Amino acid sequence: MSTVTVSGLIEAHAVDVWRLLTDLPGRAARPTVAGPVELLTPGPFGPGTAWREERAQPGGGTLIEEFLVVEALAPQRLVLCSAGAGADYRITWTLRPVRRRRQARTAVTITQEAVPTDPYGRVVALLLGGLAARAVEVALRRDLADLAVAARATGSAEAA
């Protein structure tokens, strides 16, 4: 199993970060790494919610990924799973409010765990583990940066 973790600070209340993170239809209106989102389940966001999204790849091209919400504890913790070729992925978003000088900030940590599901996945993990971990780290940092940009844009729009 390989694990990659990234952390950052977003200038917004945790509830606002949570809203941006879980507003799947709203992603279409924001310029992000993720492209169009197709909801696969009806109803409100929570455990059991599933969607498909198109994601830009660093070297060009796109990748279609499906996600399923395993746990949603607003506005603190979101756990997703995604099946891949030869591995299953578990992505955990943790949001923690941070107060400094009366400014709302949220410490965000994203952890992705990859568990090989077949011999092919184990071989790929062994051969490309470091390279794959770096690619995952880049993708997670881009997701975090996109969320921070959306939070700034939302904060600016609300202040106007």
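Criteria and thresholds
- Residues numbered from 1 in each chain as written.
- Predicted model: local features only at pLDDT ≥ 70, side-chain atom pairs only at ≥ 80, totals over all residues.
- Heavy atoms only, no water.
- Helix = DSSP H or I, 4+ residues; strand = E, 2+ residues; numbered from the N terminus.
- Buried < 20%, exposed > 50% of the residue type's maximum accessible area, 1.4 Å probe, protein only.
- Contact = heavy atoms within 4.5 Å.
- Areas by Shrake-Rupley, 256 points an atom, 1.4 Å probe, with all protein chains shown as cover.
- Pairing = 2+ DSSP bridges.
- Phe/Tyr/Trp six-rings, centres within 6.5 Å; stacked < 30°, edge-to-face > 60°.
- Polar contact = N/O pair within 3.5 Å; in protein donor to acceptor, adjacent residues only side chain to side chain.
- Core = buried A, V, L, I, M, F, W, Y, C linked by side-chain atoms within 4.5 Å.
- Salt bridge = Lys/Arg side-chain N within 4 Å of Asp/Glu carboxyl O.

Colleague: I tried to follow the overall build of the protein chain on my own but got confused; where do I start?
Modeller: Looking only at helices and strands, the protein chain has two helices and seven strands in total. Across the 160 residues in the protein chain, those meeting the buried criterion constitute 34%. Restricting the contact set of the protein chain to residue pairs at least 6 apart, pairs at least 24 apart contribute 50%. Of the accessible surface of the protein chain, which amounts to about 9200 Å², a share of 58% is contributed by carbon and sulfur atoms.

Colleague: Can you help me understand the pairing of strand 5 (residues 77–83) in this one?
Modeller: The side chains of a regular strand alternate, first on one face of the sheet and then on the other. Across five bridges, the pairing between strand 4 (residues 62–73) and strand 5 is antiparallel. Considered in strand 5, the bridge of Glu71 is made with Val79. In this structure, strand 5 lies alongside strand 6 (residues 87–100), joined through seven bridges in antiparallel fashion. Within the sheet, the bridge partner assigned to Cys81 lies in strand 6 and is Arg90.

Colleague: Honestly, the packing of aromatic side chains in this entry has me stumped. Any pointers?
Modeller: We describe a pair of aromatic rings using the distance from one ring centre to the other and the angle between the two ring planes. Tallied over the entire structure, the rule returns two aromatic pairs. With 6.2 Å between their ring centres and 40° between their planes, Phe45 and Trp51 make a pair best called tilted. By relative accessible area, which is 26% here, Phe45 ends up partly exposed. Clustering of aromatic rings is evident, with ring pairs tying together Phe45, Trp51 and Phe67.

Colleague: Explain the side chain of Thr106 here, please?
Modeller: Structurally, Thr106 can be placed in strand 7 (residues 103–116). Relative accessible area serves as the criterion here: at 0%, Thr106 is assigned to the buried category. In terms of polar contacts, Thr106 uses its side chain to reach the backbone carbonyl oxygen of Ala12, at 2.7 Å. Only 3.0 Å separates the side chain of Thr106 from the backbone nitrogen of Ala14, close enough to count as a polar contact. Beyond its immediate stretch of four places on either side in the chain, Thr106 contacts Gly8, Leu9, Ile10, Ala12, His13, Ala14, Val17, Leu95 and Arg96.

Colleague: Explain the environment of Ala132 here, please?
Modeller: As for its placement among the helices and strands, Ala132 is situated in helix 2 (residues 119–159). Residue Ala132 is classed as partly exposed on the basis of its relative accessible area of 38%. Measuring from C-alpha to C-alpha, the distance between Ala132 and Val4 comes to 9.8 Å, with 128 residues separating the pair along the chain.

Colleague: Which parts of the structure should I look at to understand the environment of Gln57?
Modeller: Within the secondary structure, Gln57 sits in the loop between strand 3 (50–56) and strand 4. Note on Gln57: relative accessible area 30%, which makes it partly exposed. Residues Gln57 and Ala135, spaced 78 residues apart in sequence, show a C-alpha to C-alpha distance of 9.5 Å. In this structure, Gln57 is in contact with Thr62, Leu63 and Arg142, ignoring residues within four places of it in sequence.

Colleague: Help me out: how do you make sense of the nonpolar core in this one?
Modeller: Residues Ile10, Leu80, Trp93, Val108 and Ile110 are the most contacted members of the largest nonpolar core, which totals 25 residues. Every element with two or more residues in this core is listed here: strand 1 (2–10), helix 1 (14–22), strand 4, strand 5, strand 6, strand 7 and helix 2. Not counting chain neighbours up to four residues away, the residues in contact with Val108 comprise Val6, Ser7, Gly8, Ile10, Val17, Trp93, Thr94, Leu95 and Leu144.

Colleague: Help me understand the pattern of salt bridges, please; the structure alone is not making it clear to me.
Modeller: Two side chains carrying opposite charge are able to pair once their charged atoms lie near each other. Taken as a whole and assessed by the stated rule, the structure comprises six salt bridges. Glu11 serves as the salt-bridge partner of Arg105, at 3.1 Å between the closest nitrogen and oxygen. Of the two residues, Arg105 sits in strand 7 while Glu11 sits in the loop between strand 1 and helix 1, which places them 94 residues apart along the sequence. Residue classification places Arg105 among the buried positions, given a relative accessible area of 17%.

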